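For reference, the chains in residue letters:
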Amino acid sequence: MEMNSELATQDKQLQREITAGLKKSQKELPAKYFYDERGSRLFEQITRLEEYYLTETEMHILREKKGAITGHIGDGAVLLELGSGSSKKTRMLLDHMNHLVAYIPVDISEDYLLSVADSLRKEYPEIIIKPVCADYTRPFQLPEIEESYNRKVAFYPGSTIGNFIPETARSFLKQIASILGPGGGLLIGVDLKKERSVLEAAYNDAEGVTAEFNKNILRRLNRELKADFKLDQFEHQAFYNEQEGRIEMHLECKKEQTVHINGEAISFERGETIHTENSYKYSLDEFEELLSGIFTVESVWTDDQERFSLQFLTSNHGQ
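Residues numbered from 1 in each chain as written. Predicted model: local features only at pLDDT ≥ 70, side-chain atom pairs only at ≥ 80, totals over all residues. Heavy atoms only, no water.

## Some remarks on the pattern of salt bridges
Then step 1. Summed over all chains, the structure comprises 25 salt bridges.
Then step 2. We note a salt bridge from Glu37 to Arg41, for which the minimum N-O separation is 3.2 Å. Of the two residues, Glu37 and Arg41 both sit in helix 2 (residues 37-46), four residues apart, roughly one turn of that helix.
Then step 3. Using a relative accessible area of 33% as the deciding quantity, one classes Glu37 as partly exposed.
Then step 4. You can call Arg41 partly exposed: its relative accessible area is 41%.
Then step 5. Between Asp118 and Arg121 there is a salt bridge; the shortest N-O distance is 3.2 Å. (Salt bridge = Lys/Arg side-chain N within 4 Å of Asp/Glu carboxyl O. Helix = DSSP H or I, 4+ residues; strand = E, 2+ residues; numbered from the N terminus. Buried < 20%, exposed > 50% of the residue type's maximum accessible area, 1.4 Å probe, protein only.)

## Some thoughts on unusual backbone geometry
Then step 1. Even without glycine at this site, Ser159 takes up a positive phi of about 60 degrees.
Then step 2. As for its placement among the helices and strands, Ser159 is situated in the loop between strand 6 (151-156) and helix 6 (166-180).
Then step 3. For Ser159, a relative accessible area of 3% corresponds to the buried category.
Then step 4. In this structure, Lys226 takes a positive phi of about 55 degrees despite not being glycine.
Then step 5. Within the secondary structure layout, Lys226 lies in the loop between helix 8 (209-224) and strand 8 (234-241).

## With respect to helix 5 (residues 110-123)
Then step 1. Over its 14 residues, helix 5 extends 20 Å from the first C-alpha to the last, a length consistent with the 20 Å expected when each residue adds 1.5 Å.
Then step 2. Among all positions in helix 5, only Tyr112, Leu113, Val116, Ala117 and Leu120 are buried. Angularly, the buried residues of helix 5 cover 130 degrees about the axis, an arc narrow enough to put them on a single face. More than 90 degrees from the buried face of helix 5, the exposed residues found are Asp111 and Lys122.
Then step 3. Looking at the buried residues of helix 5, the elements they touch are helix 2, helix 4 (88-94), strand 3 (100-107), strand 4 (128-129) and strand 5 (132-133). (Expected span 1.5 Å × (residues − 1). Arc of directions from axis to C-beta. Contact = heavy atoms within 4.5 Å.)

## Digging into the pairing of strand 6
Then step 1. The buried fraction of strand 6 amounts to six of the six residues, a majority that puts the element mostly inside the structure.
Then step 2. Both faces of strand 6 are covered, namely the face carrying Arg151, Val153 and Phe155 and the face carrying Lys152, Ala154 and Tyr156.
Then step 3. Across five bridges, strand 2 (residues 77-82) lies against strand 6 in parallel orientation. Residue pairing across strands places Val78 opposite Lys152, the latter belonging to strand 6.
Then step 4. Direction of pairing for strand 6 relative to strand 7 (residues 185-191): parallel, over a ladder of four bridges. Counterpart to Ala154 in the pairing with strand 7 is Leu186.
Then step 5. After leaving strand 6, the chain enters helix 6 and then returns to the sheet as strand 7, a path that is right-handed. (Pairing = 2+ DSSP bridges. Right-handed = clockwise from strand over helix to strand, strands pointing away.)

Spelled out as structure tokens, the structure:
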């Protein structure tokens, strides 16, 4: 299995990013650190919640349009998935591909990634499966594929592109286009703008799973950086910021306190929040504008209510 070299310095990077974010006037934490093994499993629970329409809607589109989607991917491709998690959605593609040379799941949660990869090898023995444990938001090295292939196609489901502010999203898309090369494909999930009530319900589920997922980032910092966050003194908040066109997730401090992270003190006022995640929502035109000069939109598939879209894009990199 190919391992990314940056993992050797992951703990130092984690501490550096965490302390820098918590020293800002609006405290923040990088959303990518939600996904330790427990966080990945909590997110899988979220995807099954009634309020969280995104996953089931995307799965419905995949089921209905799998023929057209796999037709765009084409025969003899290498498929890489960014933030692969359980690879549940990818299985729908793997089941209907005529000849896929290799599947490369890329995820930051190493234990979970390896477990899923082992299962996939048993289910799809004819496909080369080479997991890469990496932070895909940073440059990473793809493993060598010895067999010849026609093109590289990336799968980026779940509207995770919405976690980036638009300027950063463009930079990230340029990075992906560079990895794929000219004519490479990107199958991407994009959540669409809709009623505030539907959006806010999706991030404030009645069972409190999203709240637990949000707080899990503090639990991870307690474990990995010897921090002393008191989880019961932070409360999950999620709301739609209409001006910015995004859902924002925060953790609100309910009591004035000082938190220590590897000996460094971070002060919190009562009512102060840690901004943990954004989830931007786009119109189809807005997203096409975001892609300008990087990818060309080849096909767009939506559900009947136009809540969510799956889009197949072709890289313009090098052209």
